[in-house]
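Chain by chain, the residues:
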Amino acid sequence: MCAWMIDSFGNEEQRHKFCPPLCTMEKFASYCLTEPGSGSDAASLLTSAKKQGDHYILNGSKAFISGAGESDIYVVMCRTGGPGPKGISCIVVEKGTPGLSFGKKEKKVSGCWTGNNSGYETLPPASPTPALFQKTGLHTC
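Keep in mind it's a predicted model, so treat the numbers as computed, not measured.

Trainee: Would you mind showing me how to read the overall build of the protein chain here?
Mentor: The helix and strand tally for the protein chain stands at 2 helices and 8 strands. Per-residue burial for the protein chain yields a buried fraction of 44% across its 141 residues. Considering only contacts within the protein chain whose residues lie at least 6 apart along the sequence, 62% involve residues at least 24 apart. Only carbon and sulfur atoms are counted for the fraction: they give 58% of the accessible area of the protein chain, which is about 7200 Å².

Now the structure itself:
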């Protein structure tokens, strides 16, 4: 779910940086949409990204993110605009970015431990990259 988004909407630098290791499974990515209180309803998400200089600052939390804490790359759906679906963008956050945190792993009905919660608290970018597109945008944090 993440590689095609980066390949389709990322700039040349992002495609070359993220797609090869995702396609060879050298690295893994998590699709970060679900939030406490709004579930998987993208139009209701509350995680925000505010532009500060040439990068974005993320604030919010996600829930039930498969691979959270284990993945190398997180494609985070966040609000950069007004309410509803037109105010949503995507930001790529790399593992190890200061401010990225993970909650306990959730035990699923199958008995397997999978997924957990993740939080974003004033995440500074690892390497700033300009916005690629708004409303359903892809940015790097």
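Trainee: How should the state of the cysteines be read in this particular structure?
Mentor: Structurally, a disulfide amounts to a covalent bond that connects the sulfur atoms of two cysteines. Tallying each qualifying case throughout the model produces 0 disulfides. The closest cysteine sulfur to the non-disulfide-bonded Cys32 is located on Cys2, 7.1 Å from its own sulfur. Taking relative accessible area as the criterion, Cys32 reaches 0% and is therefore assigned buried. Cys78 forms no disulfide, and the closest cysteine sulfur to it belongs to Cys90, at a distance of 7.1 Å. For Cys78, a relative accessible area of 0% translates into the label buried.

Each value, and the rule that gives it
- Residues numbered from 1 in each chain as written.
- Predicted model: local features only at pLDDT ≥ 70, side-chain atom pairs only at ≥ 80, totals over all residues.
- Heavy atoms only, no water.
- Helix = DSSP H or I, 4+ residues; strand = E, 2+ residues; numbered from the N terminus.
- Buried < 20%, exposed > 50% of the residue type's maximum accessible area, 1.4 Å probe, protein only.
- Contact = heavy atoms within 4.5 Å.
- Areas by Shrake-Rupley, 256 points an atom, 1.4 Å probe, with all protein chains shown as cover.
- Disulfide = S-S within 2.5 Å.

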